[in-house]
Amino acid sequence: DVKVTQSSRYLVKRTGEKVFLECVQDMDHENMFWYRQDPGLGLRLIYFSYDVKMKEKGDIPEGYSVSREKKERFSLILESASTNQTSMYLCASNQGVTQYFGPGTRLLVL
Amino acid sequence: SQQGEEDPQALSIQEGENATMNCSYKTSINNLQWYRQNSGRGLVHLILIRSNEREKHSGRLRVTLDTSKKSSSLLITASRAADTASYFCATDARQGAQKLVFGQGTRLTINP
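In short, a report on the structure. (Residues numbered from 1 in each chain as written. Chains lettered and ligands numbered in written order. Predicted model: local features only at pLDDT ≥ 70, side-chain atom pairs only at ≥ 80, totals over all residues. Heavy atoms only, no water.)

### Some details on the sheet that holds strand β3 (residues 19-24) of chain B
All names here are of chain B. How we decide: A pair of strands is labelled paired if DSSP reports no fewer than 2 bridges between them. Strands here mean DSSP runs of E at least two residues long; helices mean DSSP runs of H or I at least four residues long; both are numbered from the N terminus. Working convention: axes come from line fits to C-alpha atoms, limited for helices to the stretch in contact. Angles between N-to-C directions cover 0 to 180 degrees.
With respect to topology, 5 strands assemble into an open sheet ordered β1-β3-β8-β7-β6, the strand pairing being antiparallel. Only two strands of the sheet have a single neighbouring strand rather than two, namely β1 (5-7) and β6 (55-58). Between one strand axis and the next, the sheet turns through 20° on average, direction left out of account. Here 6 bridges tie β3 to strand β8 (residues 71-76), and the two strands are oriented antiparallel to one another. Of the residues in β8, the one forming a bridge with Ala19 is Ile76.

Structure, rendered in structure tokens:
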């Protein structure tokens with residue numbers, strides 16, 4: 001079975017802090033994705049990566065950056081967290097058309 | 001960008017009844033998928049239907065696709081309390097990109 005893990009289930013940070021969300025997949029997938037999920041807005045794509053060191057902006061990249069130094073790991077970085085980044089963050093990976101999701105990280109920025 | 005829209009936003013039925021959720025999208029697709037999300041968890045893939053297919057079955061799930069109307073439906077038959085979850089449709093954004101565009105989801109509650 002494909003397994004996608006995320007470093008934290010719950011995270012509380014203060015405004016202005018630098019935040020790292022880590023995602024690891026164990027199936028040698030080429031593509032990895034970061035989404036945020038908010039009530040009434042569904043899932044919105046922040047960034048995705050189609051290879052090591054390769055990245056592409058999604059629909060809402062502002063305030064975020066990403067890093068993919070190894071194929072299995074895709075990190076989402078909030079350079080200076082703000083309260084409007086309080087959300088559920090979901091990581092996913094795929095090789096074909098089906099995406100496999102991690103359990104999510106619920107981030108609260110105070 | 002295209003966006004799937006689910007209808008209804010919320011659905012509450014009795015255990016044993018059938019649940020039908022609908023999804024509409026805006027542009028041409030290669031395939032459409034349905035995912036399930038239990039409360040506070042990640043999404044899990046349920047079923048995929050290709051643009052040249054009209055209907056697909058998997059266990060108690062039945063998916064239809066009408067490309068002329070740009071719509072799909074997910075039917076869950078003989079619902080169980082464990083089917084309580086949010087259900088999302090997802091369409092591929094464009095050929096080769098492997099990105100998906102998700103709808104806002106239908107929150108399904110099965111009452112015992």
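Resuming the write-up.
### Concerning the interface of chain B and chain A
In many analyses, interface size is given as the accessible surface area lost on bringing the parts together. To keep things clear, this is the line we draw: We call two residues in contact when some of their heavy atoms are within 4.5 Å. Accessible area, probed at 1.4 Å, shrinks when two parts are joined; the buried area is that loss added up over both. Salt-bridge detection follows one rule: a side-chain nitrogen of Lys or Arg within 4 Å of a carboxyl oxygen of Asp or Glu. Ten residue types, Ala, Val, Leu, Ile, Met, Phe, Trp, Tyr, Cys and Pro, are classed as nonpolar, four, Asp, Glu, Lys and Arg, as charged, and the remainder, Gly among them, as polar.
Contacts between the two partners involve 20 residues from chain B, matched on the other side by 25 residues from chain A. Together, the buried faces of chain B and chain A total about 1600 Å²; carbon and sulfur atoms form 49% of this surface. Inspection of the region where chain B meets chain A yields 0 salt bridges. Going through the elements one at a time, β4 (31-37), β5 (43-50) and β10 (100-102) of chain B are the ones with two or more residues in the side of chain B that touches chain A. The dominant element in the side of chain B that touches chain A, judged by the number of residues it contributes, is β4 of chain B, at 4 residues. Residues belonging to the side of chain B that touches chain A are distributed by class as follows: 7 nonpolar, 10 polar and 3 charged.

### Looking at the layout of surface pockets
Short version of the rule: The definitions used throughout rest on a 1 Å grid laid over the protein atoms alone, on which a cavity is an enclosed set of points accommodating a 1.4 Å probe that cannot get out and a pocket is an open set flanked by protein within 12 Å on both sides along at least five of seven lines; lining residues are those having an atom within 4 Å of a point. Grid points are joined across faces, edges and corners, and a volume is the space filled by probe spheres set on the points.
Roughly 470 Å³ of volume is contained in the largest pocket. Lining the largest pocket are 22 residues, with Gln37 and Pro39 of chain A together with Gln37, Ser86 and Phe88 of chain B sitting closest to its centre. Considering each element in turn, the lining of the largest pocket owes the most residues, 3 residues, to strand β11 (residues 105-109) of chain A. Looking at the lining of the largest pocket residue by residue, the classes come out as 5 nonpolar, 14 polar and 3 charged. Its boundaries defined by the atoms lining it, the second largest pocket holds a volume of some 260 Å³.

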